[in-house]
Amino acid sequence: SINSVPMLLLDHNLPHQLRELLMDYGHYAETARYRGGTELRNGELTIASYDAGFRCILTRDVKFAASAAASLQALPDMSIVIVRLPQRSWRLYSEAFRRAWDDAPISPRAGCVTHWP
């Protein structure tokens, strides 16, 4: 159920259509752009999203981990997932995402940065 999984925030570098796809999988998801987070740096985005009730940020930015590490120490139940699927058209991206999810769904770990898939 939606209540048993963390609310997911999608960084601006992920396709916005991913929100709907994650909702199909039973996850509550919003985009950083929708929440006004495009002006925030990674650490600021981590704190602001935590304050808004999110416990996981999905991003393609591998540098996010380094810049948000201090925020994760301060927010031990927050997590960051680096999505490592290649950027493509939405049709190809969504197909790759579904295949990867079927193999192993995203499983955020509190206080950690994880790479998926």
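The following paragraphs examine the structure supplied in this document. (Residues numbered from 1 in each chain as written. Predicted model: local features only at pLDDT ≥ 70, side-chain atom pairs only at ≥ 80, totals over all residues. Heavy atoms only, no water.)

Here we take up the overall build of the protein chain. A count of helices and strands for the protein chain gives 4 helices and 5 strands. Relative to the compact-globule value of 13 Å for 117 residues, the protein chain shows a C-alpha radius of gyration of 13 Å, a close match. Principal-axis analysis of the C-alpha atoms places the extent of the protein chain at approximately 35 × 30 × 25 Å. Contacts in the protein chain between residues at least 24 apart in sequence constitute 59% of all its contacts with a sequence separation of at least 6. Distance between charge centres in the protein chain, computed from 13 positive and 12 negative side chains, equals 5 Å. (Helix = DSSP H or I, 4+ residues; strand = E, 2+ residues; numbered from the N terminus. Rg over C-alpha atoms; globule rule 2.2 N^0.38 Å. Contact = heavy atoms within 4.5 Å. Lys, Arg positive; Asp, Glu negative; His and termini not counted. Charge placed at Lys NZ, Arg CZ, Asp CG, Glu CD.)

Moving on: the pairing of strand β4 (residues 79–83). Burial runs high along β4: 5 of the 5 residues are buried. Burial along β4 is two-sided: the residues S79, V81 and V83 and I80 and I82 are all buried. Considered for its hand, the β-α-β crossover made up of strand β3 (residues 56–59), helix α3 (residues 64–74) and β4 is right-handed. Sheet topology places β4 next to strand β5 (residues 113–116); 4 bridges connect them, and they run parallel. Looking across to β5, one finds that V83 is bridged to W116. (Buried < 20%, exposed > 50% of the residue type's maximum accessible area, 1.4 Å probe, protein only. Right-handed = clockwise from strand over helix to strand, strands pointing away. Pairing = 2+ DSSP bridges.)

All right, on to the pattern of salt bridges then. In total, this model carries 3 salt bridges according to the counting rule given. Among the ionic pairs, D77 bridges to R55, the shortest N-O distance being 3.6 Å. Separated by 22 residues along the polypeptide, D77 in the loop between α3 and β4 and R55 in the loop between α2 (42–51) and β3 bring together distant segments of the chain. On the basis of relative accessible area, D77 is assigned to the partly exposed category, the value being 35%. As a salt-bridge pair, E95 and R91 come within 3.2 Å of each other at their nearest N and O atoms. Of the two residues, E95 and R91 are both situated in helix α4 (residues 90–103); the distance of 4 residues between them amounts to about one turn of the helix. Here E95 falls in the partly exposed class, since its relative accessible area comes to 32%. (Salt bridge = Lys/Arg side-chain N within 4 Å of Asp/Glu carboxyl O.)

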